[in-house]
Protein chains: 2
Amino acid sequence: MSIQTRRERERAERERLIVRAARELAEAEGWEAVTIRRLAERVEYSQPVLYSHFAGKDAIMAAVAVEGCADLAVEMRTARTSASGPEQALADVAAAYAAFAERRPAIYDVIFNQAVDLPFATPEAPEALHAAFDELRQVVRPIAGDDEVDLLAEVLWSGLHGIMTLTRGGRLPREYHERRLALLLRRFAGWTRP
Amino acid sequence: MSIQTRRERERAERERLIVRAARELAEAEGWEAVTIRRLAERVEYSQPVLYSHFAGKDAIMAAVAVEGCADLAVEMRTARTSASGPEQALADVAAAYAAFAERRPAIYDVIFNQAVDLPFATPEAPEALHAAFDELRQVVRPIAGDDEVDLLAEVLWSGLHGIMTLTRGGRLPREYHERRLALLLRRFAGWTRP
DNA sequence: AAGCAACGCTAGCGATGCTAGGATCGGAGT
DNA sequence: ACTCCGATCCTAGCATCGCTAGCGTTGCTT
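Residues numbered from 1 in each chain as written. Chains lettered and ligands numbered in written order. Predicted model: local features only at pLDDT ≥ 70, side-chain atom pairs only at ≥ 80, totals over all residues.

**Q** Before we go on, may I ask you to explain the overall build of chain A in this structure?
**A** Helix and strand counts for chain A come out as 9 helices and 0 strands. In sequence order, the secondary structure elements of chain A are arranged as α-α-α-α-α-α-α-α-α. Counting only C-alpha atoms and orienting by the principal axes, one finds that chain A spans roughly 70 × 40 × 25 Å. Scored against the burial criterion, the 194 residues of chain A give a buried share of 38%. Counting only contacts in chain A whose residues sit at least 6 apart along the sequence, the fraction spanning at least 24 positions is 60%. (Helix = DSSP H or I, 4+ residues; strand = E, 2+ residues; numbered from the N terminus. Buried ≥ 20, exposed ≤ 12 C-beta atoms within 10 Å, placed from the backbone. Contact = placed C-beta atoms within 7 Å.)

**Q** I tried to follow the relation of the copies chain B and chain A on my own but got confused; where do I start?
**A** Applying a rotation about an axis and a shift along it to one chain copy brings it onto the other copy. Each copy superposes on the other: chain B lies on chain A with an RMSD of 0.1 Å after a rotation of 180° and an axial shift of 0.0 Å. Put plainly, the chains are arranged around a two-fold axis. (Least-squares fit on C-alpha atoms with pLDDT ≥ 70 in both.)

**Q** Honestly, the domain arrangement of chain A in this entry has me stumped. Any pointers?
**A** Residue and element names in this part refer to chain A. You can read the domains of chain A as domain 1 (1-54) and domain 2 (62-194). Taken together, the 7 residues of domain 1 in the interface contact 9 residues of domain 2. The residue inventory of the side of domain 1 that touches domain 2, partitioned by class, reads 4 nonpolar, 1 polar and 2 charged. (Domains from an automatic or database assignment. Nonpolar A, V, L, I, M, F, W, Y, C, P; charged D, E, K, R; others polar.)

**Q** Even after reading the chapter, I still don't get the interface of chain B and chain A, so can you show me in this structure?
**A** Size of an interface, as often reported, equals the accessible area lost when the parts are brought together. With 33 residues of chain B in contact, the opposing surface of chain A contributes 32 residues. Secondary-structure elements contributing two or more residues to the side of chain B that touches chain A are α8 (149-168) and α9 (177-188) of chain B. Per-element accounting of the side of chain B that touches chain A gives the leading share, 11 residues, to α8 of chain B. Of the residues belonging to the side of chain B that touches chain A, the class tally is 16 nonpolar, 10 polar and 7 charged.

**Q** What should I look at first to understand the environment of H177 of chain B in this one?
**A** All names here are of chain B. Note on placement: H177 falls in helix α9. Taking the C-beta count within 10 Å as the criterion, H177 has 16 such neighbours and is therefore assigned partly exposed. Taking C-alpha positions, H177 is 43 Å from Y45, a pair spaced 132 residues apart along the chain.

**Q** Would you take a moment to explain the protein's contact with DNA strand C for this structure?
**A** In the vicinity of DNA strand C, 16 residues are found, and the nearest of them are S46 and P48 of chain A together with T35, G56 and K57 of chain B. Those elements that provide at least two residues to the surface near DNA strand C are α3 (47-53) of chain A together with α2 (36-43) and α3 (47-53) of chain B. Looking at the surface near DNA strand C element by element, the count peaks at 4 residues for α3 of chain A. (Near = placed C-beta within 6 Å.)

**Q** Could you clarify how one ought to interpret the nonpolar core in this entry?
**A** As a rule of thumb, soluble globular proteins bury nonpolar side chains together. V64 of chain A together with V64 of chain B are the most contacted members of the largest nonpolar core, which has 114 residues in total. The residues touching V64 of chain A, leaving out its near neighbours within four places in the chain, are V19, A22, R23, A26, I107 and V110 of chain A. (Core = buried A, V, L, I, M, F, W, Y, C linked by C-beta atoms within 7 Å.)

**Q** Even after reading the chapter, I still don't get helix α7 (residues 127-140) of chain A, so can you show me in this structure?
**A** Three or four residues apart is the spacing at which side chains of an α-helix point the same way, because the helix has 3.6 residues per turn. Residues and elements named next belong to chain A. Taking 1.5 Å per residue, 14 residues should reach 20 Å; α7 reaches 20 Å between its end C-alpha atoms and fits that length. Burial in α7 covers these residues: L129, A132, F133, E135, L136, V139 and V140. For α7, the angular spread of the buried residues around the axis is 140°, confining them to a single face. Buried-residue contacts for α7 involve α4 (57-81), α5 (86-103) and α8 (149-168). (Expected span 1.5 Å × (residues − 1). Arc of directions from axis to C-beta.)

**Q** Help me understand the protein's contact with DNA strand D, please; the structure alone is not making it clear to me.
**A** In the vicinity of DNA strand D there are 15 residues, among which T35, G56 and K57 of chain A together with S46 and P48 of chain B approach most closely. If you list the elements that add at least two residues to the surface near DNA strand D, you get α2 (36-43) and α3 of chain A together with α3 of chain B. Per-class residue counts for the surface near DNA strand D are 7 nonpolar, 5 polar and 3 charged.

**Q** So what exactly am I meant to see when it comes to α9 of chain B here?
**A** Its 12 residues place the ends of α9 of chain B 17 Å apart at the C-alpha level, agreeing with the 16 Å of an ideal helix rising 1.5 Å per residue. The complete set of buried residues in α9 of chain B reads R180, L181, L183, L184, L185, R187 and F188 of chain B. If you follow the buried residues of α9 of chain B, they end up packed against α8 and α9 (177-188) of chain A together with α5 (86-103) and α8 of chain B. Positive phi shows up at G190 of chain B, right after α9 of chain B, with a value of about 75°.

**Q** What's the story with unusual backbone geometry in this structure? I'm lost.
**A** One can expect most non-glycine residues to show negative phi and most peptide bonds to be in trans. The phi torsion at E44 of chain A lies on the positive side, around 60°, for a residue other than glycine. Within the fold, E44 of chain A resides in the loop between α2 and α3.

**Q** Before we go on, may I ask you to explain the confidence of the model for chain A in this structure?
**A** The predicted structure's coordinates, where accompanied by low pLDDT, should not be read in detail. Residues of chain A with pLDDT of at least 70 account for 95%, and the chain-wide mean is 93. Reported for the predicted complex are a pTM of 0.94 and an ipTM of 0.94. (pLDDT = per-residue confidence, 0-100.)

If you want it as structure tokens, here you go:
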């Protein structure tokens, strides 16, 4: 009994090692530098071992995405709960989202940009995804008005995602980045006078 | 003299053929199916010939992107000029943008999502890019208020891009797609009551 | 002690982007 | 007219990719 549990423990440990190596390599050199061979070398196992843990490279990326999404959710949550009021909470959560995208671009990409087969908009999506989206929902509720909260949260999310993605892809100049984020929030929160 | 011009003509023709083949293949089977070998087979030349026209696969994708962006600009322009009024023009141009992204996803991706080295936010960006963005600028001007037109156009673009990208990547359910677009426009145009 | 099953490795497959080197063909100079 | 020369294009190959088949070896189980 104890032997088997030890093996399972070692196996789980190795799996964490693989995911960690993938994350670190991606954050250091980008996802195009993450290859099965390099990962195998890094965890000091042969390549087929990785395939006994994950169905393929996509599955490894998906694992990194879920892990990173949990981090994002935490950061958004602390931003929200430590804000002074609902308006500030909205601004702070949006800023936390933007900061995450900027500070950890490879992780942001694998969560939101790359084509990795994860269930997203369904109940069986990883809990971390729900948690992150919930933060947006919470912070958007006070300004929802007649609009459904979910819908407004989705559109705010889209706006943030669009700004971050276009900027990081070089489509938008970095110069007015902050002003764009501020403008998005101002228009969104309905703080324009009639 | 005439001989050289004939050669140049043939060369230009072949270049168009390559770009067309890349576009068609991408639209039919996605960009992961577009390989130099398949393109070469399609235009009935060996692979090195393609490299005498383009520096690499990225350059071919960039050419497709520029071509597609010209199409997008045209579609947005006709949407704007055939609208009944400024409010309708905004809605129609946004709808044209969304329709383009949905109808030609591979082209949309290579313009706005994929990492292809093109100058974007600078004067030396291809004219088609400027033309497309100009349409957004034009249609946003009436609602700009104190905000700079450029900034507002960029943020509207980001919102549209975010919705389309997240939806196409499976991050947003298709169910309320239209309502999301409508909500974005409503919030953006300042048509919310105070 | 004997067998067996799980495990991890070596080696390889097909495919990718890209390039080096030679063959061939046509215009130019003496 | 004959020779050169440069442009053009192809065959063949390199390094690398994701992924897998098949075999040894190890170590648990009976």
